[in-house]
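What follows is each chain in one-letter form.
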Amino acid sequence: MAQRILSLAAEEGPERLQEALQSLGEAEARQLPGHALAELANLFVDVIKGGSLSNGKSLELFSTVLTALASSKESLTYGKGEELQFVVEKVLRMFSKLDLQEIPPLVYQLLLLSAKGSKKTVLEGIISFFNQLDKRQKEEQRVPQSMDLEVATMPLDQLRHVEGTVILHIVSVINLDQDLGEELIKHLKTEQQKDPGRALCPFSVALLLSVAVKHRLQEQIFDFLKTSITRSCKDLQFLQASKFLQDLFPQQYDVSAVILEVVKNSAFGWDHVTQGLVDLGFSLMESYDPKKPFGGKPADTSYGLSKMPAQQACKLGASILLETFKVHEPIRSDILEQVLNRVLTKAASPVSHFIELLSNIVVSAPLVLQTSSSKVTETFDNLSFLPIDTVQGLLRAVQPLLKVSMSVRDSLILVLQKAIFSRQLDARKAAVAGFLLLLRNFKVLGSLSSSQCSQAIGATQVQADVHACYNSAANEAFCLEILGSLRRCLSQQADVRLMLYEGFYDVLRRNSQLASSIMETLLSQIKQYYLPQPDLLPPLKLEGCIMAQGDQIFLQEPLSTVNLCQRSEDDEEEEEDVGFEQNFEEMLESVTRRMIKSELEDFELDKSADFSLSSGVGVKNNIYAIQVMGICEVLIEYNFNTGNFSKNKFEDVLGLFTCYNKLSEILKEKAGKNKSTLGNKTARSFLSMGFVSTLLTALFRDNAQSHEESLAVLRSSTEFLRYAVGVALQKVQQLEETGQTDGPDGQNPEKMFQNLCKITQVLLWRYTSIPTVVEESGKKKGKSISLLCLEGLLRIFSTVQHLYTARIPQFLQALDTTDGDAEETDINVTEKAAFQIRQFQRSLVNQLSSAEDDFNAKEMQSLITVLSTLSKLLDPASQQFLQFLTWTVKVCKENALEDIACCKGLLSLLFSVHILYKSPVSLLRELAQDIHACLGDIDQDIEVESRCHFAIVNAKTAAPTVCLLVLGQVDKVLEEVDWLIKKLTSLGSDTSEDPSQPSNPTQTLEKGVILQLGTLLTVYHELVQTALPAGSCVDTLLRSLSKTYAILTSLIKHNIHSESLSFVEEKKKKKKEDEAAAVSTVMAKVLRETKPIPNLIFAIEQYEKFLIHLSKKSKVNLMQYMKLSTSRDFRINASVLDCALQERNTEDAENEPDNDQQAERSISITPEDLLPGQDQAFAT
């Protein structure tokens, strides 16, 4: 039949042909051989082109012929090679001309066709097309009022649905053709090396995550994505630290933003992407282990770029999971279950990042937990086996569920009641933590305050539910039941009691109706140790606070903490509890009076007592001493707060401090004699952070006339002033290390921030108003108060940047008393920071201009560190930053500091600031010239030109201090250059850019690399001719030279591969003399046995080898200024060896030596006889 049709086409007219075509059935068409199908298809095309087709039914047959042709085995050979590539490229070009809805079926046909070849072209075309559509859509959203009516605005939801359909098509074809999946990963890996933005766009990431559901490819895809994320984070970190790199890469690709955009896009019905997103999120979070426990986590972790790429990747994983949780309701329970599982299974390592995610999930949708309450209940069953930090974090995170689900609350109470009787200490501490949390959050009045209801979504439902379920009476009964359980803890270890006492204050502050029950408990507890007789000294039985088990002695009752709690709660007392209040006041007054009268002998803690930690008596006395000191501190705080600036009360405060100070001095003295590590460590203070801020403000800033007489009592004691500042320093240090402090409100970030601001105000005023030079600190041993204030300021500035990064504007605003009414939105961080910097600059200049006897090196070092910390708050593009850099350069140039530590600090500050403004290579060159001029030349006959750019480089500081700092900074520049060369190599194979264009990125990068290396070589040229002292300077210089030659070698390899020789000739001519000098002078200077020598020789030889290759390839004599080093490679020349052996045998035959002499003789051949020539050593 096919033959008849073809003959009609050749002989008859179109009418007969159409009749024949209609008579050909679909079944017959499918059975035709491949060549016949091809000819029929051509025939149809000719008829359509001629316009003679009059019957539409023939077109149905045409589609059947094309389908049969596509599936015909014989057509495989027909569709291969250039023709198939042409078809694929033609179809891809047509995408932009088609309606959006017509693209998915066409993509599917293309994917089927790709089974015969051109897989890469098909995938690349599809990804590139949708990437361009996404970019255009973003532009339209950015400029919604576009007046260009010719650009058709596509609906966002339509685009997303089409993308989702196309992804499904690709995934279905990959299920049939695994090679297509392998090609997808291979293509994206290749593209990612060249241009990450083109490889990992939202469409391609969504495609990868959909394909990742197939387990065979999941590991490859996740490894690729995690590597890309880590590399992107490292690159961003690298760029942020260097202005030179920022200029070369003004727009850096951020893969994190792309992946979060995929989460956002998945809301348009992309259910096939969600599982991949969840798996990727958990995979990223599991790849990072935080080092700090939950209690020590930073208060604000969501601001700015984290220090470690792994930590940044972990934060991205948490963001992916949180956003996916918000967008996709069906997968919420799965995410919640996986988070809870990881909190339990990874309990051995810190899980703060998972607990933080859980807390954010609960805040975003609190009522979702109700549907998963069984899983939460299962988690509670394992509380006894979890670390206390994990328990506290977990309970805080799920706290909203306890308000809306009675069953979950009851199950938690059962678990906690069992845990109280557990043998494990952590389990009992977990029980106390859980009960305290319940007491804090179930108000007896039944109302739920806004401060307690932290969730943003569903807060009204929670509040309504609480009002419906609970009333005042129910809550009161519930809380009293918990208090009954907690009373059992009063007979347990000191750690459990300590947690209970510290928790009571927070409970009382939030749930004041429980005051009478709590006060009754505490009163009965303290009466066990209180001696009521008014004249009996001491007023407390300390023996009962200690427990002995065999040879070991333990603290049983933290009595000072009981006092702390009762003192704190005394302020919370209600009018109806006058009886309790009166009892407490009388007791504390009596204890205060008798503690002042008591001598150390009354406690058996005088200087003759044993305080060594190696004996039981010594341990007991140490515990006694810490308890007495703690009680003194608690009473100091109580009397100050209740004294209302009474002179008598403040005299009592000073009397209590005298007792405290005597004991503190004895402990320090004894610890010093025993050479204990605790010798210089102050005992942990029991003062609260809030009281410390109040006390400092009163001592240094209170100018009220009515307070003057009473405060003069305290101000007269320099030791007390130093003690107050020292405690503030200790509290700030504790806050920095653990994220919280001891005592009331210690775990409240808001209160801690407010107290930090107040303390900073006082310390800043005290330091700037009374300089160290003015202060008479020589009469008393120990640091001056001003120096302590400066150390406190240094710690506070560092702590705020770590813990309260997002609140830095408010912190700086609090310090600026001249602009107190400014709104938070108007705060300019750079201006505020510059104002504070100027104050410390004045102090530093005063130090530099002071007499030699008045120069304080410790204060100078602290000032430099403060300036370095505050300079991080300046915007590098601001005028203030440039002024600070200019000032730093001026200080280094004009002041000949001889103190090593101060010199090191100043130069480190200079480098850290300079690199954010421009590349430091010119600065390094000047410093290297100064070092050369200062230390002299290796050739003693040569007189070095006297050049002095920086006075800070002098005979005492030039080596090793300045030299090692310069070489350290050189290594950082080399790291940047190495990073750039890797970028060059990845861009080298990308031919999409026109090399003739002046803005070609490859040429820009090459120029940057060459300028950096060219200047660095002048630095080396100076240093290798300098008479450096043997030791660390020489070793570091040799290692740095080895690294430089390795980088030069990699640059030459890049040029060999890319044949980009436009800059090479100019570069080499500039460098050869310096490099030749570097080699010869280093070899002459350093002893042969120095370890870095072999590595340097090898690096030089590798460099020369590839330089010769490049010379041959470029036809440019790059060896013109090079003096080749002696080759250590040789090969045996057989002909020369034979001649030498024959000559030796002839001599032996003539001399006829004895057999013994022959046995002893050895063949002696010089290497020069066997070497075929130096040039051959490099010929390969």
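Source: prediction; values computed, not measured.

**Some thoughts on the overall build of the chain**
Part 1 of the reasoning: Broken down by element type, the chain carries 54 helices and two strands.
Part 2 of the reasoning: Counting only residues that meet the buried cut, the chain has 50% of its 1180 residues in that class.
Part 3 of the reasoning: The long-range fraction of contacts in the chain, counting pairs at least 24 apart against all pairs at least 6 apart in sequence, stands at 74%.

**Overview of the pattern of salt bridges**
Part 1 of the reasoning: Enumeration according to the criterion identifies 21 salt bridges in this entry.
Part 2 of the reasoning: In this structure, the salt-bridge partner of Glu323 is Lys326, at a minimum N-O distance of 3.8 Å. In this pair, Glu323 and Lys326 are both assigned in helix α18 (residues 309-327), three residues apart and thus about one turn of the helix distant.
Part 3 of the reasoning: Relative accessible area serves as the criterion here: at 31%, Glu323 is assigned to the partly exposed category.
Part 4 of the reasoning: Look at Lys326 and you get partly exposed, because its relative accessible area is 40%.
Part 5 of the reasoning: The partner of Arg795 in a salt bridge is Glu736, with the nearest N and O atoms 2.9 Å apart. With Arg795 in helix α39 (residues 785-803) and Glu736 in helix α37 (residues 718-738), the pair connects residues that are 59 residues apart, well separated along the chain.

**Things to note about the packing of aromatic side chains**
Part 1 of the reasoning: Applying the stated criterion across every chain, the model contains 19 aromatic pairs.
Part 2 of the reasoning: When the ring of Phe130 is compared with that of Phe203, the centres are 4.8 Å apart and the planes differ by 20°; the resulting orientation is stacked. Placement of Phe130 in helix α9 (residues 119-142) and of Phe203 in helix α13 (residues 202-211) is noted, with a sequence separation of 73 residues between them. This pair shows no difference in class: Phe130 is buried, exactly as Phe203 is.
Part 3 of the reasoning: Residues Phe753 and Tyr804 carry aromatic rings whose centres are separated by 5.3 Å and whose planes lie at 50° to one another, so their mutual orientation is tilted. Remark: Tyr804 occurs in the loop between α39 and α40 (808-815) and Phe753 occurs in helix α38 (residues 749-769); sequence separation between them is 51 residues. Side by side, Phe753 and Tyr804 carry an identical accessibility label, which is buried.
Part 4 of the reasoning: Clustering of aromatic rings is evident, with ring pairs tying together Phe95, Phe129, Phe130 and Phe203.
Part 5 of the reasoning: A cation over an aromatic ring shows up here: Arg342 above the ring of Phe282, its NZ or CZ 4.2 Å from the ring centre.

**Some points on the environment of Thr760**
Part 1 of the reasoning: Within the secondary structure layout, Thr760 lies in helix α38.
Part 2 of the reasoning: A relative accessible area of 0% means that Thr760 is categorised as buried.
Part 3 of the reasoning: A sequence separation of 51 residues divides Thr760 from Phe811, and the C-alpha atoms of the two residues are 9.3 Å apart.
Part 4 of the reasoning: Contacts of Thr760, omitting those with residues within four sequence positions, involve Leu793, Ile796, Phe797, Phe811 and Leu815.

**A few points about the environment of Leu106**
Part 1 of the reasoning: Tracing the sequence through the fold places Leu106 in helix α8 (residues 103-113).
Part 2 of the reasoning: Judged by its relative accessible area of 25%, Leu106 is partly exposed.
Part 3 of the reasoning: Sequence separation between Leu106 and Leu92 is 14 residues, and the spatial gap between their C-alpha atoms is 9.5 Å.
Part 4 of the reasoning: The residues contacting Leu106, other than those within four sequence positions of it, are Val91, Phe95 and Leu98.

**Remarks on the confidence of the model for the chain**
Part 1 of the reasoning: In the predicted model, the chain carries a mean pLDDT of 77, and the fraction of residues at 70 or more is 77%.
Part 2 of the reasoning: Segment residues 572-576: pLDDT under 50, and seven contacts once partners within four positions in sequence are set aside and those in other chains are kept.
Part 3 of the reasoning: Low pLDDT (under 50) marks residues 676-680, which in the prediction has six contacts with non-local residues, meaning those over four places away or in another chain.

**Points about α13**
Part 1 of the reasoning: Where burial is concerned, most of α13 is hidden: 10 out of the 10 residues are buried.
Part 2 of the reasoning: All of the buried residues in α13 are Pro202, Phe203, Ser204, Val205, Ala206, Leu207, Leu208, Leu209, Ser210 and Val211.

**With respect to the packing of helix α7 (residues 82-94) against α9**
Part 1 of the reasoning: Two elements in contact, α7 and α9, have axes whose closest approach is 10 Å; the angle formed by their N-to-C orientations is 5°. Relative to α9, the element α7 lies roughly parallel. The segment α7 lies against α9, with Gln85, Val88, Glu89 and Leu92 engaging Thr121, Val122, Gly125 and Ile126.
Part 2 of the reasoning: Partitioned by chemical class, the residues of the contact of α7 with α9 number four nonpolar, three polar and one charged.

**As for the environment of Ile518**
Part 1 of the reasoning: By the secondary structure assignment, Ile518 is in helix α30 (residues 515-526).
Part 2 of the reasoning: Between the C-alpha atom of Ile518 and that of Phe504, which follows or precedes it by 14 residues, the distance is 7.4 Å.

**Concerning α37**
Part 1 of the reasoning: When the terminal C-alpha atoms of α37 are compared, their 30 Å separation across 21 residues agrees well with the 30 Å that a helix rising 1.5 Å per residue should span.
Part 2 of the reasoning: α37 sits mainly inside the fold: 15 of its 21 residues count as buried.
Part 3 of the reasoning: Looking one or two places after α37, you find Gly739, whose phi comes out positive at around 85°.

**Considerations on the nonpolar core**
Part 1 of the reasoning: Core analysis: the biggest nonpolar cluster contains 249 residues, and Phe380, Leu383, Leu438, Leu486, Leu696 and Phe840 have the highest contact counts within it.
Part 2 of the reasoning: Considering every element that reaches this core, the biggest residue donor is helix α46 (residues 958-988), with 16 residues.
Part 3 of the reasoning: Those residues in contact with Leu696 that lie beyond four places of it in its chain are Arg701, Ala724, Val725, Ala728, Ile759, Val762 and Leu763.

**Describing the side chain of Ser688**
Part 1 of the reasoning: Relative to the elements of secondary structure, Ser688 occurs in the loop between α34 (647-673) and α35 (689-701).
Part 2 of the reasoning: A polar contact of 2.8 Å, which involves the side chain of Ser688, links it to the side chain of Glu637.
Part 3 of the reasoning: Residue contacts for Ser688: discarding those within four places in its chain leaves Glu637 and Pro744.

**Considerations on unusual backbone geometry**
Part 1 of the reasoning: For the peptide bond that leads from Leu537 to Pro538, omega is -10°, which places it in the cis range.
Part 2 of the reasoning: Turning to its location among the elements, Pro538 is positioned in the loop between α30 and β1 (546-549).
Part 3 of the reasoning: The linkage connecting Ala959 with the following residue, Pro960, adopts the cis geometry, with an omega of 5°.
Part 4 of the reasoning: With respect to the secondary-structure elements, Pro960 resides in helix α46.
Part 5 of the reasoning: Even without being a glycine, Asn644 presents a positive backbone phi close to 55°.
Part 6 of the reasoning: Its place among the elements puts Asn644 in the loop between α33 (616-643) and α34.

Definitions and cut-offs
- Counting restarts for each chain: residues are numbered from 1 in the order of the written sequence.
- The predicted origin of the model limits local features to residues at a pLDDT of at least 70 and limits the giving and counting of side-chain atom pairs to 80 or more, whereas totals for whole chains, interfaces and linings rest on all residues.
- Side-chain numbers come from the whole structure's heavy atoms, not from hydrogens or water.
- Numbering of helices and strands starts at the N terminus; helices are DSSP runs of H or I of at least 4 residues and strands are runs of E of at least 2.
- Buried, partly exposed and exposed residues are distinguished by accessible area as a fraction of the type maximum, computed with a 1.4 Å probe on protein chains only: under 20%, between the cut-offs, and over 50%, respectively.
- What makes two residues a contact is simply this: any of their non-hydrogen atoms within 4.5 Å.
- The term salt bridge refers to a side-chain nitrogen of Lys or Arg lying within 4 Å of a carboxyl oxygen of Asp or Glu.
- Each aromatic pair joins two rings of Phe, Tyr and Trp (for Trp, the six-membered one) with centres within 6.5 Å, and gets the label stacked for planes under 30 degrees apart, edge-to-face for over 60, and tilted for any other angle.
- Only when the NZ of Lys or the CZ of Arg is both within 6 Å of the ring centre and within 35 degrees of the ring normal is a charge said to sit over the ring.
- Every residue gets a pLDDT, meaning the predictor's confidence in that residue, from 0 to 100.
- Under this scheme, a helix contributes an axis fitted over its contacting stretch, all axes are lines through C-alpha atoms, and angles between N-to-C directions fall in the 0 to 180 degree range.
- Angular relationships are summarised with four words: roughly parallel below 35 degrees, roughly antiparallel beyond 145, roughly perpendicular across 65 to 115, and oblique for the angles in between.
- Ten residue types, Ala, Val, Leu, Ile, Met, Phe, Trp, Tyr, Cys and Pro, are classed as nonpolar, four, Asp, Glu, Lys and Arg, as charged, and the remainder, Gly among them, as polar.
- What a helix is expected to span follows from its residue count: subtract one and scale by 1.5 Å.
- We define the nonpolar core as a collection of buried residues of types Ala, Val, Leu, Ile, Met, Phe, Trp, Tyr and Cys that are connected through side-chain atoms lying within 4.5 Å of one another.
- Pairing of N or O atoms within 3.5 Å defines a polar contact, subject to two protein rules: one partner must be a possible hydrogen donor and the other a possible acceptor, and residues neighboring in sequence count only if both atoms are side-chain atoms.

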